[in-house]
Structures are given as structure tokens and as C-alpha cells.
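Descriptive analysis of the structure
Here is how the chains run, residue by residue.
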Amino acid sequence: MAQKKQQSFESSLERLGEIVRTLEKGDAPLADSLKLFEEGAGLVTSCTRALDEAEQRVVKLRKGPDGEPQELPFEEASE
């Protein structure tokens, strides 16, 4: 199955689950299993990248002087 160039995190995770279930069955031909494994490895990389980017955005949030969350530029948040 051809993969979209830019999938959402959720759709990538769903596809990864499908791949895992297919591989766990163990009845796919070797060539198909290898293609699925390669696709899954790419999806893991994509999902990891998306999670890293989300984490960086969350790290930018700091409490302001009034105790409420305040978004700061990334440079200030990395102190």
C-alpha cells in the first residue's frame, strides 16, 4: 500500500497498528513482510519526529508572574 507523503500522527499510528497486526499473524509472504516492516520503520520515524516536535512546543510553556501558563519564545524556554 502506498503511503501518503504527509500523514497525520494519528493516521500514521493507526497504520502502524495495522502493520503490526499483519506481521504478528505470520502468514504474509516474506517479500510482503519485508515491505511492511520497512513501511513500519518509516512510520515509527515519522511518529517519533512528530512527538519530539510536540514536546518542544510544550516545553515553551512556562508559568507567568500570575501563575497562569505563558508561552515564551523557544530561546527563552531552553534556559
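All residue numbers refer to positions counted from 1 along the written sequence of the respective chain. In view of the model being predicted, local features appear only for residues whose pLDDT reaches at least 70, and side-chain atom pairs are presented and counted only at 80 or more, with totals across whole chains, interfaces and linings using the full set of residues. Heavy atoms throughout the structure, all of them, feed into the side-chain values; hydrogens and water do not.

1. Some thoughts on the confidence of the model for the chain
Averaged over the chain, the pLDDT score is 84; the fraction of residues at 70 or greater is 81%. Mean pLDDT in the chain bottoms out at helix H3 (residues 74-77), which sits at 57, and peaks at helix H1 (residues 9-25), which reaches 96. Across the chain, each position has a pLDDT score giving the predictor's confidence in that residue, from 0 to 100. Only DSSP runs of H or I reaching four residues or more are called helices, and only runs of E reaching two or more are called strands; each is numbered from the N terminus.

2. Some thoughts on the pattern of salt bridges
For this analysis, a salt bridge means a side-chain nitrogen from Lys or Arg found within 4 Å of a carboxyl oxygen belonging to Asp or Glu. Throughout the structure, instances matching the rule amount to two salt bridges. A salt bridge links Arg-15 to Glu-18; the shortest N-O distance between them is 3.1 Å. Taken together, the residues span about one helical turn, with Arg-15 and Glu-18 both in helix H1 at a distance of three residues. Judged by relative accessible area, Arg-15 falls into the buried class, the value being 14%. Between Arg-15 and Glu-39 there is a salt bridge, with the nearest N and O atoms lying 2.9 Å from each other. Taken as a pair, Arg-15 in helix H1 and Glu-39 in helix H2 (residues 30-59) lie far apart in primary sequence, 24 residues in all. One connected set of salt bridges, linked through shared partners, spans Arg-15, Glu-18 and Glu-39. A simple rule labels every residue: compare its accessible area, found with a 1.4 Å probe on the protein chains alone, to the largest value its type can have, and call it buried under 20%, exposed over 50%, or partly exposed in between.

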